[in-house]
Amino acid sequence: MKVLLLNDSDNQGGAARGAHRLYQGLQQVGVHTNMLVRYQCTDDPGVLSHRTLLTKISRRMDNLPLLRYPDRQVGLFSSQWFPNRTVKQIRRLQPDILHLNWICSGYLTVEAIGQLRQPIVWTLRDMWAFTGGCHYSQSCDRYQQTCGRCPHLGSSVDQDLSRWIWYRKRTAWRDLN
């Protein structure tokens, strides 16, 4: 069995360290495991990264839609719209199981996640997987319906960025395993 863990980094931040420990633990018990990251910090040969121009600018590009919301709160909000080639790299590696960890800030688009055909294990390091883009909803529960009027964005309209992202997730992830 080949397991591929995906995370933004292999060593920067708590989610990265947790994913890397899991990767090492799976290797220690004999599971063929690799880690695919955007930013590689270690020299571990089983950690793979793809440093293309798209990868280098994806974090900044992911933040572009937020510029429409000058009154937004400070904090993590990921649109996950900027295209990349991560799915192609996953297909080349041909893993049997994908383990998603922290894949935000432009690492994997919402639609790319929907294109993954392997069984997925997703460790939810925050709430992003089921909200309209925020990583922590605080006291907002609009993600339980369709988002919109997002307090994180400082939005007072129903058809805002959070609702667009929420619907993209619902549509793209309909058939995920």
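All of these numbers come straight from a predicted model, not from anything done at the bench.

Visitor: I'm lost on helix H2 (residues 53-62) in this one. Help?
Guide: Counting along an α-helix, one turn takes 3.6 residues, and residues three or four places apart therefore face a common direction. Every buried residue belonging to H2 is among Thr55, Ser58 and Asp62, and all of these are buried. Down the axis, H2 shows its buried residues gathered within 40° of arc, on one side only. For H2, exposure combined with an orientation more than 90 degrees from the buried face picks out Leu53 and Arg60. Each element contacted by the buried residues of H2 is listed here: strand S2 (32-39).

Visitor: Even after reading the chapter, I still don't get the sheet that holds S2, so can you show me in this structure?
Guide: Whenever strands of a sheet pair, they do so through backbone hydrogen bonds, lying parallel or antiparallel. The strand order S3-S2-S1-S4-S5 describes an open sheet built from 5 strands, whose pairing is parallel. Each of the sheet's edge strands pairs with one partner strand only, and the pair in question is strand S3 (47-49) and strand S5 (120-122). Between one strand axis and the next, the sheet turns through 25° on average, direction left out of account. In terms of strand pairing, strand S1 (residues 2-9) meets S2 through 7 bridges, oriented parallel. Looking across to S2, one finds that leucine 4 is bridged to asparagine 34.

Visitor: When you look at the packing of aromatic side chains in this model, what are you seeing that I'm missing?
Guide: Working definition: an aromatic ring pair is given by the centre-to-centre distance plus the angle between the planes. Under the counting rule described, the total for this entry stands at 6 aromatic pairs. Aromatic rings pair up to connect Trp122, Trp128 and Trp173 into one cluster. The cationic tip of arginine 168 hangs over the ring face of tryptophan 164; the distance from NZ or CZ to the ring centre is 4.4 Å. Cation over ring: lysine 169 sits above tryptophan 128, and NZ or CZ is 3.7 Å from the ring centre.

Visitor: When you look at empty space enclosed by the protein in this model, what are you seeing that I'm missing?
Guide: If a probe as big as a water molecule is rolled over the atoms, it shows which places are left empty. One pass over the full model with this rule turns up 2 cavities of 30 Å³ or more. There is about 80 Å³ of room inside the largest cavity. Along its surface, the largest cavity is lined by 14 residues, and Cys134, Cys140, Cys147, Cys150 and Ser162 are the ones closest to its centre. Taken together, Asn101, Trp102, Ile103, Cys104, Trp122, Thr123, Leu124, Arg125, Asp126, Trp128 and Ala129 make up the full set of residues lining the second largest cavity. Among the residues forming the lining of the second largest cavity, the class breakdown is 7 nonpolar, 2 polar and 2 charged.

Visitor: What exactly am I supposed to notice about the side chain of serine 79 here?
Guide: Position of serine 79 among the secondary structure elements: in the loop between H2 and helix H3 (86-93). Residue contacts for serine 79: discarding those within four places in its chain leaves Asp62, Pro65, Val110, Leu161, Ile165 and Arg168.

Visitor: Explanation requested: the nonpolar core in the structure shown.
Guide: Side chains that are nonpolar tend, in soluble globular proteins, to be buried together. Within the largest apolar cluster, 20 residues are counted, with the highest numbers of intra-cluster contacts made by Leu6 and Leu108. Going through the elements one at a time, S1, H3, strand S4 (97-100) and helix H4 (110-114) are the ones with two or more residues in this core. Looking at this core, the element that brings in the most residues is H4, giving 3 residues. In this view, leucine 6 contacts Leu36, Thr86, Ile90, Leu98, His99, Leu100, Asn101, Trp102, Ile103, Tyr107 and Leu108; residues no more than four positions away in its chain are not counted. Of all hydrophobic cores here, the second largest spans 8 residues; its members include Leu66, Tyr69, Cys134 and Leu153.

Visitor: It is not clear to me how the pairing of S2 should be interpreted in this structure. Could you clarify?
Guide: A regular strand places its side chains on the two faces of the sheet in alternate fashion. Burial analysis of S2 places 7 of its 8 residues in the buried class, the great majority of the element. Between the parallel pair S1 and S2, the chain is carried across by helix H1 (residues 14-28), and the sense of this crossover is right-handed. As paired elements, S2 and S3 share 3 bridges and run parallel to each other. Looking at S3, one finds that valine 37 is bridged to serine 49.

Visitor: It is not clear to me how the environment of valine 3 should be interpreted in this structure. Could you clarify?
Guide: Structurally, valine 3 is set in strand S1. Take valine 3: its relative accessible area is 10%, and that puts it in the buried class. Expressed as a C-alpha distance, the spacing of valine 3 and tyrosine 23, which sit 20 residues apart in the sequence, is 8.9 Å. Apart from residues no more than four positions distant in its own chain, valine 3 is found in contact with Leu26, Val31, His32, Thr33, Asn34 and Ile97.

Scoring rules and cut-offs
- The residue numbering used here restarts from 1 in each chain and proceeds along that chain's sequence as written.
- Where totals are concerned, whole chains, interfaces and linings use all residues; where local detail is concerned, this predicted model gives features only for residues with pLDDT of at least 70, and gives and counts side-chain atom pairs only at 80 or more.
- Heavy atoms from the whole structure form the basis of all side-chain values; hydrogens and water molecules are not counted.
- Here's how the labels work: a residue is buried when its accessible area is under 20% of the maximum for its type, exposed when over 50%, partly exposed in between, all with a 1.4 Å probe on protein chains only.
- Helix numbering and strand numbering both begin at the N terminus, where a helix is a DSSP run of H or I of at least 4 residues and a strand a DSSP run of E of at least 2.
- Throughout, the arc means the angular range of directions from the helix axis out to the C-beta atoms.
- Any pair of residues with heavy atoms lying within 4.5 Å of one another is described as a contacting pair.
- Two strands qualify as a pair provided DSSP detects at least 2 bridges between them.
- Lines fitted to the C-alpha atoms define the axes, with helices restricted to the stretch that makes contact. Angles between their N-to-C directions range from 0 to 180 degrees.
- Working definition: rings of Phe, Tyr and Trp (its six-membered ring) pair if their centres are within 6.5 Å, and the pair is stacked with planes under 30 degrees apart, edge-to-face with planes over 60 apart, and tilted otherwise.
- Here, a charge over a ring is recorded when the distance from Lys NZ or Arg CZ to the ring centre is within 6 Å and its angle to the ring normal is within 35 degrees.
- Here a cavity denotes a set of grid points, spaced 1 Å apart and computed over the protein atoms alone, in which a 1.4 Å probe fits but from which it cannot get out, and a pocket denotes an open set meeting protein on both sides within 12 Å along at least five of seven lines; residues with an atom within 4 Å of a point are reported as lining.
- Grid points are joined across faces, edges and corners, and a volume is the space filled by probe spheres set on the points.
- As a working rule, the residues Ala, Val, Leu, Ile, Met, Phe, Trp, Tyr, Cys and Pro are called nonpolar, Asp, Glu, Lys and Arg charged, and the rest polar, with Gly in that last group.
- Side-chain atoms within 4.5 Å link the members of a nonpolar core, which is a set of buried Ala, Val, Leu, Ile, Met, Phe, Trp, Tyr and Cys residues.
- Handedness of a crossover is defined as follows: with both strands directed away from the viewer, a clockwise route from the first strand across the helix to the second makes it right-handed.

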